[in-house]
Amino acid sequence: MNHPPSLILTAREEAAARMIYESERVHGELIYGSPQPSWEEATEGSRRSCRYLVGKAKGSFEDFYAFTTLAERQAGMNVPDMNGDSERVRGCRMQYHIAQHFLQVEDIAG
C-alpha cells in the first residue's frame, strides 16, 4: 500500500489511528443503532482521516481543535469554544488524548 510520505506511520501511530477509528465506530453505533464497519472494512479514506488526525495530535490541542473544526469555521458555522464543555469539544479531546497516549506509551516489548 503506497501512502504519501506524511501518512507513513510507525506501529504506535497506526494503533492510535485505529483506536480513534474504533471510538468513532462505537459512537456511530450508539447514535445510529446499527453496526458500523470495522477498521478492516472501513474505506481507505476513513482510515487515512484517522491517520492524519494522529499526525495533527503531535502538536498542541489548540492546533488539533483548530484543524478538526476548520471546515465548519470556513462554512461560517458556529464552533464551540475549545475550552467549553460540549459534546464536540469532549469528542475532540478524547481523540487527541487517545493519540497522545499511544504516541507516548513506552515500548514494553523492547
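Here is a short report on the structure shown in this document.

1. Some thoughts on the overall build of the protein
Here comes step 1: Across its full length, the protein holds five helices and zero strands.
Here comes step 2: Traced from its N-terminal end to its C-terminal end, the protein shows the element sequence α-α-α-α-α.
Here comes step 3: For the protein, with 110 residues in total, the buried portion stands at 29%.
Here comes step 4: Within the structure as shown, the protein displays about 7200 Å² of accessible surface, and the carbon and sulfur contribution to it stands at 54%.

2. Some remarks on the packing of aromatic side chains
Here comes step 1: Under the criterion given, the structure shown has six aromatic pairs.
Here comes step 2: A ring pair is formed by Y52 and F67, whose centres lie 5.3 Å apart and whose planes are at 50°; its orientation type is tilted. Of the two residues, Y52 is situated in helix α2 (residues 44-56) and F67 in helix α3 (residues 61-68); the sequence distance between them amounts to 15 residues.
Here comes step 3: Between F61 and Y96, the aromatic rings sit 5.4 Å apart at their centres with planes inclined by 70°, giving edge-to-face as the arrangement. Placement of F61 in helix α3 and of Y96 in helix α5 (residues 87-104) is noted, with a sequence separation of 35 residues between them. The exposure classification of F61 matches that of Y96, with both residues buried.
Here comes step 4: Put simply, the rings of F61, F64, Y65 and Y96 touch in pairs and so form one group of aromatic residues.

Reading guide: rules and limits
- Residues numbered from 1 in each chain as written.
- Predicted model: local features only at pLDDT ≥ 70, side-chain atom pairs only at ≥ 80, totals over all residues.
- Heavy atoms only, no water.
- Helix = DSSP H or I, 4+ residues; strand = E, 2+ residues; numbered from the N terminus.
- Buried < 20%, exposed > 50% of the residue type's maximum accessible area, 1.4 Å probe, protein only.
- Areas by Shrake-Rupley, 256 points an atom, 1.4 Å probe, with all protein chains shown as cover.
- Phe/Tyr/Trp six-rings, centres within 6.5 Å; stacked < 30°, edge-to-face > 60°.

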